[in-house]
Amino acid sequence: MFGPACCDNPPGISSGEESGQIKKLASLNSYVSGNPDSKLAVLLISDAYGYEAPKLRKIADKVAAAGYYVVVPDMFFGDPFIPKTNLHDWGDIHPAKPAVEFVKPLIHALKERGVTKIGAAGFCWGAKVVVELAKDADIQAAALLHPTFVTLDDIKEVKVPVAILAAEFDKISPPELVKQFETALQAKPEVDHFVKIYPGVSHGWTVRYRDEDITSWKRAQEAHQDLLDWFGKCLQKAHSAL
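Residues numbered from 1 in each chain as written. Predicted model: local features only at pLDDT ≥ 70, side-chain atom pairs only at ≥ 80, totals over all residues. Heavy atoms only, no water.

Engineer: Help me get a handle on the overall build of the protein, residues and values and all.
Structural biologist: Looking only at helices and strands, the protein has eight helices and eight strands in total. Relative to its length of 242 residues, the protein is compact, with a C-alpha radius of gyration of 16 Å against a globular reference of 18 Å. Summarising its shape, the C-alpha atoms of the protein cover approximately 45 × 45 × 35 Å along the three principal directions. Here the protein holds 242 residues, and 53% of them are scored as buried. Of the contacts formed within the protein by residues at least 6 apart in sequence, a portion of 70% connects residues at least 24 apart. For the protein, the accessible surface area stands at approximately 10,600 Å², while carbon and sulfur atoms represent 52% of it. Taking the 27 positively charged and 31 negatively charged side chains of the protein as two groups, their mean positions are separated by 3 Å. (Helix = DSSP H or I, 4+ residues; strand = E, 2+ residues; numbered from the N terminus. Rg over C-alpha atoms; globule rule 2.2 N^0.38 Å. Buried < 20%, exposed > 50% of the residue type's maximum accessible area, 1.4 Å probe, protein only. Contact = heavy atoms within 4.5 Å. Areas by Shrake-Rupley, 256 points an atom, 1.4 Å probe, with all protein chains shown as cover. Lys, Arg positive; Asp, Glu negative; His and termini not counted. Charge placed at Lys NZ, Arg CZ, Asp CG, Glu CD.)

See below:
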């Protein structure tokens, strides 16, 4: 489901401090950051505000600094949600589940470049795209951050290691539902998982925290580090073991 929490604190204008650049990969305009020759790649699938959000790009640069080639694709083809738009009308135009088909050619293109391990993190709307990728093992590791549209049945079908980073105050993916996700994953010992509910924060906080809200800022930094640690465990350690 979509709700007002998906739209809280819209992103500001870029400060121009990003270290990446815009490239077209597999027909998708994408913000890319990091070493293009890296054998390890991470996809960041945005929330409804799209790939231009400065805080999302800051996360991309942070992940890239850990040794990954990071790609943030424009999943909305230049039509991200803007506050004056009706959210549900916009959502009808940009359903999350079918959008996974936009990402698969991008994954193929990365593999053709020599990438051997791919992780994907989805924020809000983007979490549904990532959980669909995780069902077919198109990626080697997944992370769902304050997910929207993700169901218990989705989680039961996941085939790759998955992290779920959730908020204490979230009507879209409330802690009760997240705990059901965790229980379902515990019943799948073949699928490594990490589930964490961050206290004192609301839906969307990892990419739409308010700078003046110290609690949200600290929890966002904590979640970003947990994301890095998760990909380090699932991608870098697995890669070094080959």
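And the narrative resumes.
Engineer: Describe helix α1 (residues 54-64), listing the residues and the values that go with them.
Structural biologist: For α1, the buried fraction is high: nine of the eleven residues fall into the buried class. Within the span of α1, buried status applies to P54, K55, L56, R57, I59, A60, D61, V63 and A64.

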